[in-house]
Amino acid sequence: MSPETNPETQTTTGADAIDVAIAKGTDFDGSPIPAAKLELYHKVMGLEAGRQRSGVSNTMRSRIVRIGAKHISQEELNKMLADADFAPLKEKEIAFYYGAK
């Protein structure tokens, strides 16, 4: 088995690990991703690819909030956003990412 198809050597960390697995059509455990799931994913990503963007800074902030909320406390993330001259967390973001779990 080559390193590319061997699930024991497939990288499961980093921002592009999911994209690599999707492109290969295999999950991290080596099992194939069902065709219906891949088809739906590609359909939705195609729609997203054609969407007009509002600006790089807005997208950067959105990604920072979406991913940062998984790793950083609300108070710390809010301070980091302010320090970088981004808008602070919005009430709906706080409710969604930091609400009752």
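Residues numbered from 1 in each chain as written. Predicted model: local features only at pLDDT ≥ 70, side-chain atom pairs only at ≥ 80, totals over all residues. Heavy atoms only, no water.

### Topic: the nonpolar core
The biggest cluster of nonpolar side chains holds 5 residues, and these are Val 65, Leu 77, Leu 81, Phe 86 and Leu 89. Discounting residues that sit within four places of it in the chain, Leu 89 has contacts with Arg 61, Val 65, Gln 74, Leu 77, Asn 78, Leu 81, Ile 94 and Tyr 98. (Core = buried A, V, L, I, M, F, W, Y, C linked by side-chain atoms within 4.5 Å. Buried < 20%, exposed > 50% of the residue type's maximum accessible area, 1.4 Å probe, protein only. Contact = heavy atoms within 4.5 Å.)

### What about the environment of Leu 81?
Its location among the elements puts Leu 81 in helix H4 (residues 74–83). For the pair Leu 81 and Arg 61, spaced 20 residues apart in the sequence, the C-alpha separation amounts to 8.0 Å. Apart from the residues lying within four places of it in its own chain, the contact partners of Leu 81 are Arg 61, Ile 64, Val 65, Phe 86, Ala 87, Pro 88 and Leu 89. (Helix = DSSP H or I, 4+ residues; strand = E, 2+ residues; numbered from the N terminus.)

### With respect to a nonpolar patch on the surface
The grouping of Leu 40, Tyr 41, Val 44 and Met 45 at the surface amounts to a nonpolar patch, some 340 Å² of accessible area in total. Assignment of secondary structure puts Val 44 in helix H2 (residues 35–49). (Patch = residues over 30% accessible without salt bridge, like charges linked within 9 Å, V, L, I, M, F, W, Y side chains within 5 Å. Areas by Shrake-Rupley, 256 points an atom, 1.4 Å probe, with all protein chains shown as cover. Salt bridge = Lys/Arg side-chain N within 4 Å of Asp/Glu carboxyl O.)

### Observations regarding the packing of helix H3 (residues 56–71) against helix H5 (residues 91–98)
Viewed as axis vectors pointing N to C, H3 and H5 meet at an angle of 30°, and their least axial separation amounts to 10 Å. With respect to H5, the axis of H3 lies roughly parallel. The two elements H3 and H5 cross, and the hand of that crossing is right-handed. Every residue of H5 that contacts H3 at Arg 61, Val 65, Arg 66, Gly 68 and Ala 69 is listed here: Glu 93, Tyr 97 and Tyr 98. Along the lines of polarity and charge, the residues of the contact of H3 with H5 split into 4 nonpolar, 1 polar and 3 charged. (Axes fitted to C-alpha atoms, helices over the stretch in contact; angles between N-to-C directions. Parallel < 35°, antiparallel > 145°, perpendicular 65-115°, else oblique. Left-handed = near helix turned anticlockwise from the far one by under 90°. Nonpolar A, V, L, I, M, F, W, Y, C, P; charged D, E, K, R; others polar.)

### A short note on the packing of aromatic side chains
Counted by the stated rule, this structure contains 1 aromatic pair. Between Phe 96 and Tyr 97, the ring centres sit 4.9 Å apart and the planes meet at 90°, which makes this aromatic pair edge-to-face. Overall, the relative accessible area of 22% leaves Tyr 97 in the partly exposed class. (Phe/Tyr/Trp six-rings, centres within 6.5 Å; stacked < 30°, edge-to-face > 60°.)

### Points about the confidence of the model for the protein chain
Here the protein chain averages 90 in pLDDT, and 88% of its residues register 70 or above. Per-element averaging of pLDDT across the protein chain places helix H1 (residues 17–24) at the bottom with 95 and H4 at the top with 98. Across residues 1–5, confidence stays below pLDDT 50; counting only partners more than four residues off in sequence or on other chains, it has 5 contacts. (pLDDT = per-residue confidence, 0-100.)

### Focus on the pattern of salt bridges
Opposite charge on two side chains makes pairing possible when the charged atoms of those side chains draw close. Going through the model one piece at a time under the given rule, you end up with 4 salt bridges. Close ionic contact of Arg 51 with Glu 48 constitutes a salt bridge, the shortest N to O distance being 2.8 Å. On the accessibility criterion, Arg 51 (43% relative accessible area) is partly exposed. Given a relative accessible area of 31%, Glu 48 falls into the partly exposed group. Between Glu 93 and Arg 61 there is a salt bridge whose closest N-O contact spans 2.8 Å. With Glu 93 in helix H5 and Arg 61 in helix H3, this pair connects stretches of sequence that are 32 residues apart. The two residues Glu 93 and Arg 61 agree in class, both being buried. What emerges from the salt-bridge pattern is a single network uniting Glu 48, Arg 51 and Arg 53.

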